[in-house]
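# Notes for the structure review
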Amino acid sequence: MHINLYYFFKRLVDIVVSILLFILLLPLFLFICVRIAKKDGRPIFTKELKAGKNNRTFIMWSFRTMTNGSKVIRQLPPYPFPSSWEKGVPNFFKITGDNNVTLTETGLWLKKYSLEKIPQLINVIKGDMSLIGPSPERTEIADYYNNKQIKRLKVRPGLTGYAQIKGVTNDNHGKKISYDLYYIQNCSFKFDLKILYKATKQIVKGKVHN
């Protein structure tokens, strides 16, 4: 019952805080839209298919931070997947992309302060995401989760989370899974506030781990 109450009030807080934040940040939201359109061109937003709670897919919105590349955006090496992936996603791997795609001038600024995530407040309001939780996973990676790894999909993915404030990147997938599972097993409002406080400090200092 304690856990059920926690998730009920967590969802309530997500809705209220996200709506208030979106209203507060609306002038900045519009400014970024205009800046990207004028300096970098269209599209203004990027849409990514992600695996959410209970492996339910959703479209995650962000401000575009990269130059427009070819139609082949990324590829998970090695491809096709080796038989070793049948036992779960390996602890270490890298994602290759278009070498001609780079961060735009606006993208550098957005990434530094995590402002590219502002459109994801809409995902939180809709119920696709939470303010605090594991980072949203690519669907093509989640498809290869083993029974342990898939437990990180028991909760909604978050704008920030325990693994992110610890500075763990997606390259170190094993440690990311460990931190996410630790969060799920020990989730509480106190833990969420601790993560939010640390994430806010990182944003203010411009030291955000995406």
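Check the entry above for the structure.
First, a word on scope: everything that follows refers to the structure included in this document. Because the structure is predicted, anything quoted here is derived from the model rather than measured. (Residues numbered from 1 in each chain as written. Predicted model: local features only at pLDDT ≥ 70, side-chain atom pairs only at ≥ 80, totals over all residues. Heavy atoms only, no water.)

## What about the overall build of the chain?
This is how it is decided: Helix and strand assignments follow DSSP, with helices taken as H or I runs no shorter than four residues and strands as E runs no shorter than two, numbered in order from the N terminus. The contact definition used throughout considers only heavy atoms, calling two residues in contact when any of these lie within 4.5 Å. To be clear on the numbers: accessible area is Shrake-Rupley with a 1.4 Å probe, and residue cover counts the displayed protein chains and nothing else.
When its secondary structure is counted, the chain shows 7 helices and 7 strands. Beginning at the N terminus, the succession of helices and strands in the chain can be written as α-β-β-β-β-α-α-β-β-α-β-α-α-α. Counting contacts in the chain only where the partners sit at least 6 residues apart, residues at least 24 apart contribute 73% of the total. Working note: accessible area of the chain is about 12,100 Å², and carbon and sulfur atoms make up 61% of it.

## A few points about a nonpolar patch on the surface
Spelled out, the test is: Patch membership is restricted to residues that have no salt bridge and whose relative accessible area is over 30%. Joining uses 9 Å for like charges and 5 Å for the nonpolar side chains Val, Leu, Ile, Met, Phe, Trp and Tyr. Any Lys or Arg side-chain nitrogen located within 4 Å of an Asp or Glu carboxyl oxygen qualifies as a salt bridge.
A cluster of nonpolar side chains, namely Leu5, Phe8, Phe9, Leu12, Val13, Val16, Val17, Leu20, Leu21, Leu24 and Phe189, defines an oily patch on the protein surface of about 980 Å² accessible area. In terms of residue count, the dominant contributor to the nonpolar patch is helix α1 (residues 2-40) (10 residues). Relative to the helices and strands, Leu12 is located in helix α1.

## Observations regarding helix α7 (residues 189-205)
Put simply, the test is: The span one expects for a helix is its residue count, reduced by one, times 1.5 Å. Classification of residues uses two cut-offs on accessible area relative to the type maximum, computed with a 1.4 Å probe and protein chains only: under 20% is buried, over 50% is exposed, and between them is partly exposed. Comment: arc refers to directions from the helix axis out to C-beta atoms.
Between its first and last C-alpha atoms α7 spans 24 Å; for 17 residues at 1.5 Å apiece the expected length is 24 Å, and the two agree. For α7, every residue scored as buried is listed here: Phe191, Asp192, Ile195, Ala199 and Gln202. The buried side chains of α7 occupy one side of the element, clustering within an arc of 95° when seen end-on. Exposed side chains of α7 directed beyond 90 degrees from the buried face belong to Lys190, Leu193, Lys194, Tyr197, Val204 and Lys205. Where the residues of α7 are buried, they touch α1, β5 (130-132), β7 (158-160), α5 (162-165) and α6 (173-185). Just beyond α7, the residue with positive phi is Gly206, at close to 70°.

## Looking at the environment of Arg152
We apply this condition: Polar contact is the term for a pair of N or O atoms within 3.5 Å; when the atoms are in protein, one must be able to donate a hydrogen and the other to accept it, and sequence-neighboring residues count only if both atoms are side-chain atoms.
When you line up the elements, Arg152 lands in the loop between α4 (139-142) and β7. You can call Arg152 buried: its relative accessible area is 1%. Residues in contact with Arg152, not counting those within four places in the same chain, are Pro134, Ser135, Glu137, Tyr145, Lys176, Ile177, Asp180, Leu181 and Ile184. For Arg152, the side chain forms a polar contact with the main-chain oxygen of Ser135, separated by 3.1 Å.

## Some thoughts on the pattern of salt bridges
As enumerated under the stated definition, the model contains 9 salt bridges in all. Across the pair Lys111 and Glu116 runs a salt bridge whose closest N-O atoms are separated by 3.9 Å. Accessibility expressed as a relative area gives 29% for Lys111, which makes it partly exposed. For Asp180, the salt bridge is made with Arg152, and the minimal N-O distance between the two is 2.6 Å. Taken together, the residues Asp180 in helix α6 and Arg152 in the loop between α4 and β7 connect sequence positions 28 residues apart. Pair check on accessibility: Asp180 and Arg152 agree, each one buried. Three or more residues joined by partner-sharing salt bridges are found here, namely Glu137, Arg152, Lys176 and Asp180.

## Looking at the packing of aromatic side chains
This is how the line gets drawn: For Phe, Tyr and Trp, rings pair up if their centres lie within 6.5 Å, where Trp contributes its six-membered ring, and each pair is then called stacked (planes under 30 degrees apart), edge-to-face (over 60) or tilted (otherwise).
In total, this model carries 15 aromatic pairs according to the counting rule given. With a centroid separation of 5.0 Å and an interplanar angle of 65°, the aromatic rings of Tyr6 and Tyr7 are classed as edge-to-face. Taking relative accessible area as the criterion, Tyr6 reaches 3% and is therefore assigned buried. Judged by centre distance (5.3 Å) and plane angle (50°), the rings of Phe29 and Phe63 are tilted. Linking Phe29 in helix α1 with Phe63 in strand β2 (residues 57-63), this pair joins segments that are 34 residues apart in sequence. The exposure classification of Phe29 matches that of Phe63, with both residues buried. The rings of Phe22, Phe29, Phe45, Trp61 and Phe63 are connected pair by pair, giving a single aromatic cluster.

No statement about biological role is implied by the geometric values presented.
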